[in-house]
Amino acid sequence: MLLLAGIASTTFAQVDSKEIKDPKEKYRPIYHFTPGQGWMNDPNGMVYINGNYHLFFQHNPEKPVWGPMHWGHATSKDLLHWDEKKIALYPDSLGTIFSGSAVIDKDNTAGFGKGAMVAIFTHHNHQEEDRKTGLHQNQSLAYSLDEGATWTKYKGNPVLPNPGIWDFRDPKVMWHAHSQRWIMTLATKDCITFYSSKNLKEWNKESEFGKEVGAHGGVWECPDLIPMDYKGVTKWILLVSINPGGPNGGSVTQYFVGDFDGHQFRTEDTKIKWLDWGPDNYAGVTWSNLGDRPLMIGWMSNWQYANEVPTTAWRSSSTIPRVLSLEKVGQSFYVASTAPKEIETAFRPLKKYHDGGAKEVSFEEHLPQAYRLDLKKLKQQAFKVILSNESGDELVIGYREDQNAYYIDRSKSGEVSFNAEFAKTALAQRLLNTGTLSFSLYVDVSSVELFADGGLTTMTSLFFPNKPITKIRILGDKKLEFQELSIAEFKK
């Protein structure tokens, strides 16, 4: 048995030392964004400008449950340390502020000012919803001339009134250089509708996609249309979040790989593909104004139990940001997700092993609460990684050789009784069968994010241990033969 020792016993958090001792704060992550208080769900309006990553988000500032939606706001220079700002957008006479996106209007197409930050969002009118007219969701604009510090709502809102579609929301807007127009990708019931505009104010319907393709277990939400390069060829990725209908229950994100000509999105690949197989990655979209870097962040929860998880002052966090890339397995394109360099380099090596040879490897003694575990080129076999504590809680991440699938079992991981669906084991189909397994596991107090096989298979999962995790055991069916096994501590 191999033992990790000599790690300094240090606790890091987004909160100060007084709050760390507060039981209400025991599940707050260290390097993931969480609001100081209240509720958070979908990431919104992500835009990059002058060295700052802006993250807006669905926010109920008053209570840690879903409620009247505002746009919260945070910024970061390194994707790890977030500075929560004052609320950006408040509800008004047109409704509460549902999801949307933001762009930098470099050429002043909207007339708000050159370089204006423009938010495109869904106004949700709850009174109209109660009247059941189907006209309660409309698309509106707000703009900022000081890089998101203050906002003015456009007097001509809504700019895209509802034509009579009950679910008509979550506009993701991008500049389409070839046609010299703004393209809006909008979730409309259980399909996607594309609109175009020269000025962000007047929108024309272009086409629809999805009625006969993809998963339809629930409503479609939070789409994103992303051009990506594969060996010099541009392909277009369409992300669509769906709730419910995930492979492991509840909410999940599917994607399509195809082509977009400024009018229509087309795909010949009708296979259902999941961006993340875990239970807790939803509504992810990419930052705008980042050039050709497709950088995404998601909401780390699931609508099955999001309002019930055992945090009190605050609820929900974001995933770590992820760089998306296009890979080919056989004749099919797949989207891989990996941690960006900013996050990869934010960990300090603690221990490395080479070759292996035992059936079990154990890490313990002052295990930090935020770390990364990397396993490179393990000879293919069934194995499991057990994260445990002195209370007997166990979170198990592993691989089943007979099914060629990864899994996360949180049935004994601590607090699970708040919802009957939470304790279920999540399974993720592996896309490769190469003879060796490689993965990175990002752990942060109450979450794990698995990036396997270069990010072709990813899984994100919350867990709520009764006490901090203090031990890692890696068990193989046979002797663990690998190129390298390492653990690295997060550098605050």
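What counts, and at which threshold
- Residues numbered from 1 in each chain as written.
- Predicted model: local features only at pLDDT ≥ 70, side-chain atom pairs only at ≥ 80, totals over all residues.
- Heavy atoms only, no water.
- Buried < 20%, exposed > 50% of the residue type's maximum accessible area, 1.4 Å probe, protein only.
- Helix = DSSP H or I, 4+ residues; strand = E, 2+ residues; numbered from the N terminus.
- Pairing = 2+ DSSP bridges.
- UniProt positions renumbered as here; feature names shortened; annotations may be inferred.
- Axes fitted to C-alpha atoms, helices over the stretch in contact; angles between N-to-C directions.
- Domains from an automatic or database assignment.
- Contact = heavy atoms within 4.5 Å.
- Buried area = accessible area lost by both parts, 1.4 Å probe.
- Salt bridge = Lys/Arg side-chain N within 4 Å of Asp/Glu carboxyl O.
- Phe/Tyr/Trp six-rings, centres within 6.5 Å; stacked < 30°, edge-to-face > 60°.
- Disulfide = S-S within 2.5 Å.

Peer 1: So what exactly am I meant to see when it comes to the pairing of strand β31 (residues 447-452) here?
Peer 2: Of all six residues in β31, six are buried; the element is thus mostly enclosed. Pairing geometry for strand β30 (residues 436-444) and β31, over five bridges, is antiparallel. Paired with Y442 across the two strands is E449, which belongs to β31. Linking β30 to β31, which pair antiparallel, is a turn of two residues; within it V445 sits at a positive phi near 60°. Here β31 runs beside strand β32 (residues 457-462); their pairing, made up of six bridges, is antiparallel. Each bridged residue has a counterpart across the sheet, and for L450 the counterpart in β32 is M459. Taking the residues that link successive antiparallel strands as the turn, the β31-β32 hairpin has four residues, and the phi of D453 there is positive, at about 55°.

Peer 1: Help me understand the UniProt feature "domain: Glycosyl hydrolase family 32 N-terminal" (unreviewed entry) in the chain in this model?
Peer 2: With numbering aligned to this structure, UniProt lists the feature "domain: Glycosyl hydrolase family 32 N-terminal" (unreviewed entry) at residues 32-333. With 2% helix and 49% strand, residues 32-333 has end C-alpha atoms that lie 30 Å from one another.

Peer 1: Is there a simple way to think about the sheet that holds strand β10 (residues 181-188) in this case?
Peer 2: Adjacent strands of a sheet pair through backbone hydrogen bonds, lying either parallel or antiparallel. In spatial order, the strands read β9-β10-β11-β12; together these four strands make up an open sheet with antiparallel pairing. With partners counted over all chains shown, the strands left at the sheet margins are β9 (168-176) and β12 (204-209), one partner each. Neighbour to neighbour, the strand axes of the sheet diverge by 25° on average, direction disregarded. Sheet topology note: the strand β11 (residues 191-197)/β12 ladder contains five bridges and is antiparallel. Along β12, the bridge assignment pairs S196 with N204.

Peer 1: Sorry if this is basic, but what is going on with the domain arrangement of the chain here?
Peer 2: Many authors give the size of an interface as the accessible area that is lost as the parts come together. Assigned domains within the chain: domain 1 (25-338) and domain 2 (345-490). Each partner contributes to the interface: domain 1 provides 35 residues, whereas domain 2 provides 39 residues. Taking both sides of the interface into account, the surface hidden between domain 1 and domain 2 amounts to around 3000 Å²; carbon and sulfur atoms contribute 63%. Of all residues in domain 1, Y27, Y31 and W277 bury the most surface against domain 2, accounting for 22% of the area lost on that side. At the boundary of domain 1 and domain 2, one finds two salt bridges. One salt bridge connects D280 with R410, and the closest N-O pair in it is separated by 2.9 Å. Among the secondary structure elements, those contributing two or more residues to the side of domain 1 that touches domain 2 are β21 (322-329) and β22 (332-338). It is β22 that contributes the most residues to the side of domain 1 that touches domain 2, five residues altogether.

Peer 1: Help me understand the packing of aromatic side chains, please; the structure alone is not making it clear to me.
Peer 2: Given two aromatic rings, their pairing is described by the distance between the two centres and the angle made by the two planes. Enumeration according to the criterion identifies 36 aromatic pairs in this entry. Measuring from centroid to centroid gives 6.2 Å for W66 and F98, while their planes differ by 80°, and the two rings are edge-to-face. Highlighted residues: W66 in the loop between β2 (52-60) and β3 (70-76) and F98 in strand β5 (residues 96-105), separated in sequence by 32 residues. The class of F98 is buried, set by a relative accessible area of 10%. Between Y442 and F451, the ring centres sit 5.7 Å apart and the planes meet at 85°, which makes this aromatic pair edge-to-face. Each of the two residues, Y442 as well as F451, counts as buried.

Peer 1: Explain the state of the cysteines here, please?
Peer 2: Here, disulfide denotes a covalent bond that connects the sulfur atoms of two cysteines. One pass over the structure, following the stated rule, counts zero disulfides. Among the cysteines around C191, which has no disulfide bond, C222 carries the closest sulfur, lying 15 Å off.

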